[in-house]
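Architecture at a glance
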Amino acid sequence: MTVIIASAIVHMKQAIARSMFRYCLFLNPLCNAILLGLMYSQKSNLEFTLYAVLGTSLSSFWTIICFSSAADINRERYLGTLPILFTSPSGFKKIMFGKLLGNSLWGLVAFLLNVFFVSLLFHRFLAVKSIILLIMVIILAVLTFVSVGMVMCSVFTLSRSAGLLMNFIEYPLLLITGMVFSLDYIPLYIKWFSYFLSPTWVMEGFKLAVYGGDLKEMAIVISTLCTLTAINFMIAYVAFIRVEDKCRIDATLEMY
Amino acid sequence: MERVFRFYRRIIFSYKQSSIMSDWKTYMLFDLIPPILQTLFFSMVAVLFLSSFVAMSFGYVFSCFILITSETNLVLNLVGRLLLIFTGANFPISKLPSFLQWFSNLLPLTRSIQIAQGLVEGTKFSKYYGLVYEELLLGCSFIVIAIFILKIMERKSRTTGKMEVT
């Protein structure tokens with residue numbers, strides 16, 4: 001636990017020192033707030049809250065997770081510290097988990113900043129039916145993004161095209177998980193795929209928190225989100241074990 | 001502007017009068033190409049070229065700043081977002097506060113997006129010649145500005161020695 005917390009704290013300090021991360025943390029939420037706020041300015045309070053406040057905040061969160069998870073591995077590789085982390089006695093998985101926890105906490109800050117910017121610029125506040133469900137979903141969102149980040153990190157440890165991949169996955173996931181518009185607009189076969197992704201269920205949770213729903217619906221969303229998060233963690237765990245073996249065989253950790 | 005158009009119309013008319021009507025060049029130039037150019041596909045291709053030109057010119061201005069800053073990704077991401085907000089790509093410019101609407105007119109792609117939206121709604125390309133000229137003028141202005149900025153930035157990068165700093 002000490003390793004994870006120490007890794008998270010060090011990573012948070014390192015991250016905020018970078019100008020690009022400061023952009024992701026402060027300017028990106030501001031731009032997202034203006035863009036989505038103006039797009040949904042004519043809509044009802046509930047729709048505005050769902051997409052312009054919560055959806056755009058989640059997209060800022062996702063941008064931080066997506067860029068940091070991929071770029072961190074790439075940066076460590078570039079600096080030549082990836083093999084040192086890899087062979088550290090504390091364990092590569094624990095250190096990476098700490099880093100992703102740090103990223104997710106910054107992502108949560110971006111999320112809250114986004115809510116603040118939308119409220120400040122458009123004078124429209126959170127119109128939610130169930131604030132408890134909203135808080136629960138936000139906490140689960142942090143955990144699920146850590147799990148998604150872990151899966152991405154394990155993949156990016158092997159790949160040397162992290163920069164390309166992280167740019168490639170950012171926008172499609174924003175579109176197919178319903179963060180910026182309703183899933184009703186996308187084709188059915190893509191919609192099926194969307195439901196295998198945990199951010200889609202975070203948005204479903206937000207929808208229930210905003211529009212309201214019965215306990216059964218809430219239980220389904222929460223349990224699905226927990227299950228998908230657990231599956232992601234398991235995939236990440238197995239992937240990390242496989243990647244550790246493969247990295248030892250191929251010896252490509254220092255190749256940039 | 002109407003006088004200029006009238007002048008060119010007279011030239012075309014006199015050229016057609018003086019040439020043989022079966023002349024294929026005359027046919028191609030004045031009878032075949034203009035109607036084709038008015039079709040949606042070719043109009044959109046023309047808008048694409050126009051927007052590419054003005055975006056390239058704008059990119060030229062920004063490439064000058066890369067000589068003195070190492071924050072390339074930061075600048076590009078920020079400018080990308082600003083263009084999304086201010087060019088009317090995702091929502092009409094009329095939603096912006098009035099003091100920001102004039103800023104949209106100084107940005108590339110604002111007019112190209114306006115033309116493309118109009119074409120999709122069924123308006124003819126010929127109705128947008130004014131906007132096309134404005135966009136071309138804006139693109140040329142960016143190039144002229146970039147040439148001056150490049151000279152200044154070259155001098156600055158030599159004095160500060162930041163060109164190789166990452």
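Source: prediction; values computed, not measured.

1. Examining the interface of chain B and chain A
Listed as interface residues are twelve residues of chain B and, on the opposing side, 15 residues of chain A. Counting the surface lost from both chain B and chain A, the interface buries some 1400 Å², and carbon and sulfur atoms represent 66% of this. On the chain B side of the interface with chain A, the three residues burying the most area are R81(B), I85(B) and K95(B), jointly 46% of the side's total. Here chain B is connected to chain A by zero salt bridges. One can count five residue pairs in polar contact (both at pLDDT 80 or more) joining chain B with chain A.

2. Describing the confidence of the model for chain A
Confidence in the prediction of chain A, expressed as mean pLDDT, is 81, and 94% of residues score 70 or more. Ranking the elements of chain A by mean pLDDT puts helix α7 (residues 162-176) of chain A last with 75 and helix α9 (residues 198-211) of chain A first with 87.

3. Brief notes about the packing of helix α6 (residues 110-120) of chain B against helix α7 (residues 129-160) of chain B
Residue and element names in this part refer to chain B. Running from N to C, α6 and α7 point in directions that differ by 155°, and their axes come no closer than 9 Å. The orientation of α6 relative to α7 falls into the category roughly antiparallel. Every pair of crossing elements has a handedness; the one defined by α6 and α7 is left-handed. Contacts between α6 and α7 pair T110, R111, S112, Q114 and I115 from the former with L131, V132, E134, E135 and L138 from the latter.

4. A look at a nonpolar patch on the surface
Residue and element names in this part refer to chain A. Nonpolar side chains collect at one region of the surface, where I131, I132, I135, M136 and I139 lie side by side and expose about 490 Å² of accessible area between them. Tracing the backbone through its elements, the reader meets I132 in helix α6 (residues 131-158). Residue I132 is classed as exposed on the basis of its relative accessible area, which comes to 62%.

5. Some points on the environment of I93(B)
All names here are of chain B. If you trace the backbone, I93 turns up in the loop between α4 (72-86) and α5 (98-105). Separated by 17 residues in the primary sequence, I93 and T110 place their C-alpha atoms 8.8 Å from one another. Sequence-distant contacts of I93, that is, excluding residues within four places in its chain, are made with F86, T87, G88, Q101, S104 and T110.

6. Quick notes on the packing of aromatic side chains
Under the defined criterion, the tally for this structure stands at 14 aromatic pairs over all chains. Where F61(A) meets F145(A), the ring centres are 4.7 Å apart and the plane angle is 40°; that geometry is what we call tilted. Residue F61(A) is found in helix α3 (residues 45-79), and its partner F145(A) is found in helix α6; the two are separated by 84 residues along the sequence. For F61(A), a relative accessible area of 1% gives the class buried. Taking the centre distance of 6.3 Å and the plane angle of 80° together, the rings of W102(B) and F103(B) count as edge-to-face. The exposure class of W102(B) is exposed, given its relative accessible area of 52%. Among the aromatic residues, those joined into a cluster by ring pairs are F61(A), W62(A) and F145(A).

7. A few points about unusual backbone geometry
Residues and elements named next belong to chain B. One non-glycine residue, L109, lies in positive phi territory at about 75°. Turning to its location among the elements, L109 is positioned in the loop between α5 and α6. We classify L109 as partly exposed; its relative accessible area is 23%.

8. Here's the deal with the environment of M218(A)
All names here are of chain A. With respect to the helices and strands, M218 occurs in helix α10 (residues 215-250). For M218, a relative accessible area of 16% gives the class buried. In the structure, M218 is positioned 51 residues away from N167 in sequence and 33 Å away in space, judged by C-alpha atoms. Residues in contact with M218, not counting those within four places in the same chain, are S130, L133, L208 and G213.

The rules behind each value
Within every chain, residues take consecutive numbers counted from 1 along the sequence as written. Starting at A for chains and at 1 for ligands, labels are handed out in the order in which the entities are written. Under the rules for a predicted model, residues below a pLDDT of 70 receive no local features and side-chain atom pairs below 80 are neither given nor counted, while totals for whole chains, interfaces and linings still include all residues. Note that water and hydrogens are dropped before the side-chain values are worked out from all heavy atoms of the structure. Contact criterion: two residues are considered in contact whenever any of their non-hydrogen atoms come within 4.5 Å of each other. Once two parts are joined, some of their accessible surface, as seen by a 1.4 Å probe, is lost; buried area is that loss totalled over both. By salt bridge we mean one thing: a side-chain nitrogen of Lys or Arg within 4 Å of a carboxyl oxygen of Asp or Glu. For this analysis, a polar contact is any N or O atom pair within 3.5 Å, provided that within protein one partner can donate a hydrogen and the other can accept it, and provided that sequence-adjacent residues contribute only side-chain to side-chain pairs. What pLDDT reports is the predictor's confidence in each residue, on a scale of 0 through 100. Secondary structure follows DSSP: runs of H or I at least 4 residues long count as helices, runs of E at least 2 residues long count as strands, and numbering of each begins at the N terminus. For every element, the axis is a line fit to its C-alpha atoms; helices are fit only across the contacting stretch, and the angle between N-to-C directions ranges from 0 to 180 degrees. Geometric relationships in this document are graded by angle, where less than 35 degrees denotes roughly parallel, more than 145 denotes roughly antiparallel, 65 to 115 denotes roughly perpendicular, and other angles denote oblique. By definition, turning the near helix anticlockwise from the far helix through less than a right angle yields a left-handed crossing, and turning it clockwise yields a right-handed one. Distance thresholds for patches are 9 Å for like charges and 5 Å for nonpolar side chains (Val, Leu, Ile, Met, Phe, Trp, Tyr), applied to residues having over 30% relative accessible area and no salt bridge. Using a 1.4 Å probe, accessible areas were evaluated by the Shrake-Rupley method; residue-level cover was limited to the displayed protein chains. Only protein chains enter the accessibility calculation, which uses a 1.4 Å probe; a residue whose area is less than 20% of its type maximum is buried, one above 50% is exposed, and one in between is partly exposed. For this analysis, a ring pair means two rings from Phe, Tyr or Trp (six-membered ring only for Trp) whose centres lie within 6.5 Å, classed as stacked if their planes differ by under 30 degrees, edge-to-face if by over 60, and tilted for the remaining angles.

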